[in-house]
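# Observations on the model geometry
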Amino acid sequence: MSELSIHTTQNVNINFTAASVGERIVAYLIDWVIKIAYCLVVYGVFFYWLGMNKSFDTMDQWSVMATILVFYFPVMIYSITLESIFEGQTIGKKLRKIKVVKIDGYQASFGDYLIRWFFRIIDISILNGIVALVAIISSAKNQRLGDMTAGTAVITLKNSITINNTILEEIGDEYVPVYPLVIKLSDNDMRIIKDTFVLAKAKGDSETLLKLRRKIESVTGIQNQSGNDSDFVNTILKDYNFYTQNM
């Protein structure tokens, strides 16, 4: 599997493992089976058992096509609907533990899923998926054309470090917060801050800690009172937990 380096807003890279071609194909096949099962159920109930197809004899061609489209429309929007609801995952992706993310580390938006869905016409429908297969194999980040256009990638969630790492910090009952302005940050900001902080401390990367401290100060208006970048970021994490747990 290839490594995917996500560049965060703190100007550091966090490495994830891109989902392999095999994982994506298996996820696609699972989703394909689900869609086929849906089509068979619809056909069996509405067109065979209830005999709705008999009414087609009295309908014009456009009405017949419109009726069929209504029944099978859920199949057409299957991927974009589930990815939007489950934050980058269809049922197949959930079972294979892979998901769609932005390459900047943030959660993909509906617009991103829409672009990926639209490009399925080129990636998958044309030449039976050969275009997508060639693109994924030749891309450094295992991206199909839809991913490249939307600025997304598909990662595996089997990493030791994932985009869903907890932001919780242990704080005692007597803890006194220092920086009230920390509430300007979001949960997603704190995930990125904590991931960056943990990696920088493990590597002894003082330059990254300095950049992280300056970025937090510029976004929140907080001024470092500890004089130490590591202590400052650690306090920010604890303060955020204090305020969010007591709101």
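Our structure is the block above this text.
Notes on the structure follow.

About the criteria used
Position numbers for residues count from 1 along each chain, tracking the sequence in the order it is written. Per-residue local features are limited, in this predicted model, to residues with pLDDT of at least 70; the limit for side-chain atom pairs, both in listing and counting, is 80 or more; totals at the level of whole chains, interfaces and linings are taken over all residues. Side-chain metrics rest on all non-hydrogen atoms present in the structure, leaving aside hydrogens and water. Runs of E in the DSSP output that reach at least two residues are strands. Runs of H or I that reach at least four are helices, and both are numbered from the N terminus. A 1.4 Å probe rolled over the protein chains alone gives each residue an accessible area, and that area as a share of the maximum for its type sets the label: buried under 20%, exposed over 50%, partly exposed in between. Contacts between residues were defined by any pair of non-hydrogen atoms, one from each residue, lying within 4.5 Å. Throughout, the Shrake-Rupley method with a 1.4 Å probe supplies accessible areas, and for residues the shown protein chains are the sole cover considered. A pair is scored as a salt bridge if a Lys or Arg side-chain nitrogen falls within 4 Å of a carboxyl oxygen belonging to Asp or Glu. Think of each axis as a best-fit line through the C-alpha atoms, taken over the contacting stretch in the case of a helix, with angles from 0 to 180 degrees between the N-to-C directions. In what follows, roughly perpendicular refers to angles from 65 to 115 degrees, roughly parallel to angles under 35, roughly antiparallel to angles over 145, and oblique to any angle outside these ranges. Definitions for this section: a left-handed crossing has its near helix turned counterclockwise from the far helix by less than a right angle. A right-handed crossing has that turn clockwise. Any residue that is not Ala, Val, Leu, Ile, Met, Phe, Trp, Tyr, Cys, Pro, Asp, Glu, Lys or Arg is counted as polar, Gly included; the first ten are nonpolar and the last four charged.

Moving on to the overall build of the protein. Along the backbone of the protein there are eleven helices and four strands. Burial status across the protein gives 40% buried among its 247 residues. Considering only contacts within the protein whose residues lie at least 6 apart along the sequence, 67% involve residues at least 24 apart. By element, 62% of the accessible surface of the protein is carried by carbon and sulfur atoms, the whole surface being about 13700 Å².

It is worth spelling out the pattern of salt bridges at this point. Scanning all chains against the criterion turns up nine salt bridges. For R144, the salt bridge identified is with D123, shortest N-O distance 2.6 Å. Residue R144 is located in the loop between α7 (130-138) and α8 (145-150), and its partner D123 is located in helix α6 (residues 120-125); the two are separated by 21 residues in the primary sequence. Of the two residues, R144 and D123, neither departs from the other in class, the shared state being buried. For R213, the salt bridge goes to E217, with nearest N and O atoms at 3.2 Å. Of the two residues, R213 and E217 both sit in helix α10 (residues 206-220), four residues apart, roughly one turn of that helix. Looking at R213, the relative accessible area reads 18%, which means it is buried. Salt bridges here are not isolated pairs; linked through shared partners, they connect R24, E83, K93, R116 and D147.

Let's shift gears to unusual backbone geometry. The phi dihedral of E87 is positive, around 55°, even though this residue is not glycine. Within the chain, N128 stands out as a residue other than glycine whose phi angle is a positive 55°. You can see N128 is positioned in the loop between α6 and α7.

Packing of helix α1 (residues 21-49) against α7 leaves a shortest axis separation of 11 Å and a crossing angle of 150°. One finds that α1 runs roughly antiparallel with respect to α7. Crossing geometry of α1 relative to α7 is assigned as right-handed. Of α7, the residues touching α1 (which contributes V21, R24 and I25) are L133, I136 and I137. A per-class count over the contact of α1 with α7 returns five nonpolar, no polar and one charged.

All we've got here are geometric facts, nothing functional implied.
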